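In case you want the letters, here they are:
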Amino acid sequence: MLTVTDIKAAAAFYQKALGFTRRGGFMNGPDGKPMHAELRLRDTTLMLGPEGPQARSAKSIGFTPVTLYLTTEAVDKVIGKAVKLGARLLVPVRDQFWGDRTGTNVDPEGNTG
């Protein structure tokens, strides 16, 4: 689960940039604001939750100790699309010595992947 500052904006980014689909609608809390969303990509579920007294987002903290690793056959296209939609390129796409082609960006919520 990722803690984010704006669940709807984060869900839209992950859907448009990375190809996730939303599983159901947004679950709203008593105040009417979104408090939970579930996204799917192949066999993976990504849950999104809001900031609160006990959970801060990478964007608010200013860093994240976590890197999300998404496998894809089209890394150049995926990284390029994410950057076009608001991600910041951290490590350009390149071939790795172990045979993978990887790149790293920071999404609008401050999460690295």
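Located above this text is the structure these notes cover.
Just so it is clear, the structure is predicted and the values come from calculations on it, not from any experiment.

**A word on the layout of surface pockets**
Alright, step 1. By volume, the largest pocket is sized at about 630 Å³.
Alright, step 2. If you go around the largest pocket, you meet 29 residues; those closest to its centre are Leu 68, Tyr 69, Leu 70, Thr 71 and Gly 113.
Alright, step 3. Elements that contribute at least two residues to the lining of the largest pocket include exactly helix 1 (7-18), strand 5 (44-50), helix 3 (75-84) and strand 7 (101-106).
Alright, step 4. At 5 residues, strand 7 tops the list of elements feeding residues into the lining of the largest pocket.

**A few points about helix 3**
Each α-helix turn comprises 3.6 residues. Residues three or four places apart therefore point the same way.
Alright, step 1. The complete set of buried residues in helix 3 reads Val 75, Val 78, Ile 79 and Ala 82. Seen from one end, helix 3 has its buried residues packed into an arc of 95 degrees, which puts them on one side. For helix 3, the exposed residues lying more than 90 degrees away from the buried face are Lys 77 and Lys 84.
Alright, step 2. Those residues of helix 3 hidden inside the fold are in contact with helix 1, strand 6 (88-95) and strand 7.
Alright, step 3. Gly 86, located one to two residues past helix 3, shows a positive phi value of around 120 degrees.

**As for the nonpolar core**
Alright, step 1. Membership of the largest hydrophobic core comes to 16 residues, with the highest contact counts inside it found for Tyr 14, Leu 39, Leu 46 and Leu 48.
Alright, step 2. When residues of this core are traced back to their parent elements, those giving at least two are strand 1 (2-4), helix 1, strand 4 (34-41) and strand 5.
Alright, step 3. Considering every element that reaches this core, the biggest residue donor is helix 1, with 6 residues.
Alright, step 4. Setting aside its immediate chain neighbours within four residues, Leu 48 contacts Met 1, Leu 2, Val 4, Ile 7, Ala 10, Ala 11, Tyr 14, Met 35, His 36, Ala 37 and Leu 39.

**Focus on helix 1**
Alright, step 1. With 12 residues, helix 1 ought to run about 16 Å at 1.5 Å a step, and its terminal C-alpha atoms sit 16 Å apart, in line with that.
Alright, step 2. Buried within helix 1 we find Ile 7, Ala 10, Ala 11, Phe 13, Tyr 14 and Ala 17. Down the axis of helix 1, the smallest arc covering the buried residues is 160 degrees, so these residues share one side.
Alright, step 3. Its buried side turned inward, helix 1 meets strand 1, strand 4, strand 5 and helix 3.
Alright, step 4. The backbone nitrogen of Lys 8 lies 3.2 Å from a side-chain oxygen of the residue at the head of helix 1, namely Asp 6.
Alright, step 5. One or two steps after helix 1, the chain reaches Gly 19, where phi turns positive at roughly 90 degrees.

What counts and how
Every chain is numbered on its own, with residues counted from 1 as its sequence reads. Note on the predicted model: pLDDT of at least 70 is required for a residue's local features to be given, and 80 or more for side-chain atom pairs to be given and counted; whole-chain, interface and lining totals, by contrast, use all residues. With hydrogens and water stripped out, all remaining heavy atoms of the structure feed into the side-chain values. Points on a 1 Å grid over protein atoms alone make up a cavity when a 1.4 Å probe fits among them but cannot get out, and a pocket when they form an open set with protein on both sides within 12 Å along at least five of seven lines; lining residues each have an atom within 4 Å of a point. Grid points are joined across faces, edges and corners, and a volume is the space filled by probe spheres set on the points. We count a stretch as a helix when DSSP gives it H or I for four or more residues in a row; a strand needs E for two or more, and each element gets its number in order from the N terminus. Think of it in three bands: residues with accessible area under 20% of the maximum for their type are buried, residues over 50% are exposed, and the middle band is partly exposed, with areas taken using a 1.4 Å probe on protein chains only. Regarding the arc, it is the one traced by the directions from the helix axis to the C-beta atoms. The criterion used for residue contact is that any of the two residues' heavy atoms lie within 4.5 Å. Only buried Ala, Val, Leu, Ile, Met, Phe, Trp, Tyr and Cys residues count toward a nonpolar core, and they belong to the same one when joined by side-chain atoms within 4.5 Å. A helix is expected to span 1.5 Å for every residue after the first. Throughout this description, a polar contact denotes any pair of N or O atoms lying within 3.5 Å of each other; where both atoms belong to protein, one of them has to be capable of donating a hydrogen while the other can accept it, and for residues adjacent in sequence the pair is counted only when both atoms sit in side chains.

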